[in-house]
Amino acid sequence: MKFKKITAVMAALTLGSGLVACSDDSGAGAAGADADGVVSVYGGEPQNPLIPSNTYEALGGRVVDMIYSGLLTYDTDGNTQYEVAESIESNDDNTEFTVKLKDWEFADGTPVTSNSFVDAWNYSVKESHMTSFFMEPIVGYEPGSESMEGLEIVDDKTFKIKLSHPVSDFKERLGYTAFFPLPPEAFDDIEAFGEKPNGNGPYVLEEWNHNSNQLMLPNENYPGDRKPQNGGINYVHYASTDAAYVDVVAGQLDVLDGVPTASYSVFEDDLGSERTYSEPTAIIQAFNIPTNLEHFKGEEGALRRQAISMAFDREEITEAIYQGAATPAVEMSSPVLPGFNDNIEGNEVFEFNPDKAKELWEQANDINDWGNASFKIAINADGGSAAWADAVTNALRNNLEIDAETDAYPDYKSLRDDITNGTIDTAYRAGWQADYPSIGNFIEPQFSTGAESNDTGYSNPEFDELMKKAAEAPTAEEAAEIYNEAQKILFKDLPTIPLWYSHTVAGWSEFVDNVSFNWRGDVEYYKLTKN
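Values in this document were obtained by computation on a predicted structure and should not be read as measured data.

Analysis parameters
- Residues numbered from 1 in each chain as written.
- Predicted model: local features only at pLDDT ≥ 70, side-chain atom pairs only at ≥ 80, totals over all residues.
- Heavy atoms only, no water.
- Helix = DSSP H or I, 4+ residues; strand = E, 2+ residues; numbered from the N terminus.
- Rg over C-alpha atoms; globule rule 2.2 N^0.38 Å.
- Buried < 20%, exposed > 50% of the residue type's maximum accessible area, 1.4 Å probe, protein only.
- Areas by Shrake-Rupley, 256 points an atom, 1.4 Å probe, with all protein chains shown as cover.
- Lys, Arg positive; Asp, Glu negative; His and termini not counted.
- Charge placed at Lys NZ, Arg CZ, Asp CG, Glu CD.
- Salt bridge = Lys/Arg side-chain N within 4 Å of Asp/Glu carboxyl O.
- UniProt positions renumbered as here; feature names shortened; annotations may be inferred.
- Expected span 1.5 Å × (residues − 1).
- Core = buried A, V, L, I, M, F, W, Y, C linked by side-chain atoms within 4.5 Å.
- Contact = heavy atoms within 4.5 Å.
- Pairing = 2+ DSSP bridges.
- Phe/Tyr/Trp six-rings, centres within 6.5 Å; stacked < 30°, edge-to-face > 60°.
- Axes fitted to C-alpha atoms, helices over the stretch in contact; angles between N-to-C directions.
- Arc of directions from axis to C-beta.
- Polar contact = N/O pair within 3.5 Å; in protein donor to acceptor, adjacent residues only side chain to side chain.
- Patch = residues over 30% accessible without salt bridge, like charges linked within 9 Å, V, L, I, M, F, W, Y side chains within 5 Å.

**A word on the overall build of the protein chain**
Here is step 1: Looking only at helices and strands, one finds 14 helices and 19 strands in the protein chain.
Here is step 2: Relative to the 2.2 N^0.38 estimate, which gives 24 Å for 531 residues, the radius of gyration of the protein chain is 22 Å and therefore close to what a compact globule would have.
Here is step 3: The burial tally for the protein chain puts 61% of its 531 residues in the buried class.
Here is step 4: In the structure as shown, the protein chain presents an accessible area of about 19,000 Å², 43% of it carried by carbon and sulfur atoms.
Here is step 5: If the 34 positive side-chain charges of the protein chain are averaged to one point and the 91 negative ones to another, these points end up 3 Å apart.

Shown next as structure tokens:
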């Protein structure tokens with residue numbers, strides 16, 4: 001909410017604090033009081049065409065979630081509810097699931113069948129889509145393979161899923177976008193289909209004017225519980241959250257779910273407390289350091305990462321920049337998740353300790369001298385990250401006595417393209433918004449060896465073994481304990497430097513009512529109404 005969500009990535013969304021960003025067109029002048037009931041909301045240009053299994057960042061994900069429906073959906077509090085599935089029954093050790101479907105159609109009337117799911121899942125693996133690694137537990141999973149033998153179609157309304165090993169939360173995962181269905185036409189020209197999807201969700205994508213807007217209208221064939229209460233949603237693409245904020249105050253934009261940090265001190269006065277929202281959500285902000293960078297490999301790299309983490313004051317930065325709308329990180333998931341532990345062994349690495357940081361940095365110099373190298377944090381200039389990145393690099397200059405600076409990309413897509421292509425040669429801003437409510441969802445996709453959202457190239461066999469053990473745990477509570485044990489390893493290796501847990505900081509115009517947010521901090525778009 002890729003980033004992405006990336007799984008990540010995707011992702012997340014305190015847009016002002018930088019998990020996702022927007023495109024490079026202004027979008028000013030979006031109608032606030034639209035007579036046909038269309039609600040205008042903040043949006044931006046997705047990284048890819050809107051294919052669920054290849055969408056792993058928040059700007060695309062927010063649209064995909066509204067134009068498709070999965071077997072399950074997540075309610076406001078993160079609980080799973082049946083959507084397209086009539087039932088999902090598992091055997092005793094969670095290695096086999098039988099799925100029965102309701103009567104359901106895509107927007108054009110094409111029936112949603114077992115093949116709609118099985119073919120979509122197989123296609124994502126064959127094409128190595130960005131979320132295809134979610135299929136890893138299924139028997140026969142192999143990147144690039146034509147099909148997975150663990151998927152068995154019984155009839156049009158029934159199919160079976162066989163796993164190669166127990167996965168305690170596999171059923172809960174089935175509400176995530178990686179598992180959404182596709183109609184047969186999608187495979188004729190997948191990119192063209194992604195530009196004009198024929199989905200099965202509450203809305204239909206009516207228009208996509210690149211770098212300008214995406215207009216969704218209600219899907220008349222949608223039979224589920226997320227029925228639109230408005231005449232449509234218009235995602236308006238902005239060059240900055242600052243421009244979007246000016247519009248929402250002026251009534252030219254209905255909903256902004258990422259108030260810019262510079263406006264935190266005034267947004268309640270500008271909009272009124274009844275038209276603002278600021279609450280913690282399942283989002284963490286961070287910056288990643290690729291494992292292949294010079295000076296950041298092996299023992300030297302571990303020492304430098306720990307030094308960097310201890311060289312800046314999270315408490316001071318969150319207070320100065322976010323004014324209470326962010327909480328300093330003490331681990332790598334989110335305090336809103338079940339099993340969260342703020343006292344995991346080794347988390348002192350997140351405490352501000354400039355003397356210890358300098359000591360660790362000098363130990364790394366004894367292994368390989370830093371010399372005149374520069375440490376850079378890449379951000380997207382349109383995402384509201386400059387303030388914190390400048391504060392962090394300034395602290396590194398002062399406390400480690402090195403050259404450190406912010407490296408600004410023009411927009412989010414440019415940054416993500418370099419990250420995805422493996423061509424980025426600096427640290428870079430990162431963030432994670434939960435796909436489903438589990439600590440494992442925060443750490444497994446980002447740090448397991450070879451995982452699609454493992455952008456840093458991190459690999460640790462001990463960590464991988466704990467991920468397998470957690471997946472086989474008999475209960476979610478026991479799995480959470482194992483995930484937290486695995487975090488001890490991450491605290492030492494620090495492939496990512498956690499910053500803070502984001503709050504969703506939002507505001508809306510006087511022309512819209514029933515504004516609400518779910519457990520991930522996403523706007524519940526289908527509930528919005530024009531007044």
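**Some remarks on the pattern of salt bridges**
Here is step 1: Under the counting rule described, the total for this entry stands at 19 salt bridges.
Here is step 2: One salt bridge in this structure joins Glu152 and Lys162, with 4.0 Å as the shortest N-O distance. With Glu152 in strand E6 (residues 151-155) and Lys162 in strand E7 (residues 158-162), this residue pair connects regions lying 10 residues apart in the sequence.
Here is step 3: By relative accessible area, which is 35% here, Lys162 ends up partly exposed.
Here is step 4: With a closest N to O distance of 3.1 Å, Glu524 and Lys527 form a salt bridge.
Here is step 5: Via salt bridges that share partners, Asp65, Arg520 and Asp522 belong to a single interconnected network.

**So, the UniProt feature "domain: Solute-binding protein family" (unreviewed entry) in the protein chain**
Here is step 1: Residues given the UniProt feature "domain: Solute-binding protein family" (unreviewed entry) here are residues 82-452.
Here is step 2: For residues 82-452, helix accounts for 29% and strand for 22%, while the C-alpha atoms at its two ends are 27 Å apart.

**Some words on helix H7 (residues 298-310)**
The periodicity of an α-helix, 3.6 residues per turn, causes residues three or four places apart in sequence to face the same way.
Here is step 1: Taking 1.5 Å as the rise per residue, H7 with 13 residues should run 18 Å; its terminal C-alpha atoms sit 19 Å apart, in good agreement.
Here is step 2: A large share of H7 lies buried, amounting to 11 of its 13 residues.
Here is step 3: Taken as a whole, H7 has its buried residues at Glu300, Gly301, Ala302, Leu303, Arg304, Arg305, Gln306, Ala307, Ile308, Ser309 and Met310.

**Quick look at the nonpolar core**
Here is step 1: The biggest cluster of nonpolar side chains holds 148 residues, and the ones touching the most others in it are Trp121, Ile161, Phe287, Phe375 and Trp388.
Here is step 2: Sort the elements by how many residues they give to this core and helix H14 (residues 476-493) lands first, with 8 residues.
Here is step 3: Sequence-distant contacts of Trp121, that is, excluding residues within four places in its chain, are made with Leu71, Met135, Ile138, Met148, Leu151, Phe159, Ile161, Leu174, Ala178, Phe179 and Phe180.
Here is step 4: If you look at the next biggest cluster of nonpolar residues, it comprises 7 residues, including Tyr409, Leu415, Ile419 and Tyr428.

**A word on the pairing of E7**
Here is step 1: With 5 bridges joining them, strand E5 (residues 96-101) and E7 adopt antiparallel strand pairing. In the sheet register, Lys100 faces E7, and the bridge partner there is Thr158.
Here is step 2: Of the pairings in the sheet, the one linking E6 to E7 comprises 4 bridges and is antiparallel in character. Each bridged residue has a counterpart across the sheet, and for Glu152 the counterpart in E7 is Lys160.
Here is step 3: Between E6 and E7, which follow one another and run antiparallel, lie 2 residues.

**Section: the packing of aromatic side chains**
Describing an aromatic ring pair means giving the distance of the ring centres and the angle of the ring planes.
Here is step 1: Taken as a whole, this structure holds 36 aromatic pairs when the rule is applied.
Here is step 2: Between the aromatic rings of Trp121 and Phe159, the centroid separation amounts to 5.7 Å while the plane-to-plane angle is 80°, which identifies the pairing as edge-to-face. Of this pair, Trp121 sits in helix H2 (residues 114-126) while Phe159 sits in strand E7, placing them 38 residues apart in sequence.
Here is step 3: Using a relative accessible area of 0% as the deciding quantity, one classes Phe159 as buried.
Here is step 4: Considering the side-chain rings of Phe350 and Phe491, the 5.1 Å spacing of their centres and the 80° angle between planes classify their relative orientation as edge-to-face. With Phe350 in the loop between strand E13 (326-328) and helix H9 (354-367) and Phe491 in helix H14, this residue pair connects regions lying 141 residues apart in the sequence.

**Things to note about the sheet that holds E6**
Here is step 1: Here we have 4 strands laid out as an open sheet, ordered E4-E5-E7-E6, and antiparallel in their pairing. Both edges of this open sheet fall to strand E4 (85-90) and E6, since each of them pairs with a single strand only. Each adjacent strand pair in this sheet contributes to an overall mean axis angle of 20°, direction not counted.
Here is step 2: Taken strand by strand, H2 contacts E5, E6 and E7, and its axis lies near 165° from that of E6.

**So, helix H8 (residues 314-322)**
Here is step 1: Among the residues of H8, those classed as buried are Arg314, Ile317, Thr318, Ile321 and Tyr322. For H8, the angular spread of buried residues about the axis comes to 95°, placing them on one side. Relative to its buried face, H8 has exposed residues pointing more than 90 degrees away, namely Glu315, Glu316, Glu319 and Ala320.
Here is step 2: Residues of H8 that are buried sit in contact with H7, E13, helix H10 (386-400) and strand E17 (496-508).
Here is step 3: Near the N-terminus of H8, the side chain that reaches the backbone nitrogen of Glu315, with its oxygen 3.0 Å away, is that of Asp313.
Here is step 4: Phi for Gln323, located one or two positions after H8, is positive at around 50°.

**Focus on a negative patch on the surface**
Here is step 1: A surface patch of like charges, here negative, comprises Glu105, Asp108, Glu185, Asp188, Asp189, Glu191 and Glu195.
Here is step 2: Tracing the backbone shows Asp108 in the loop between E5 and H2.

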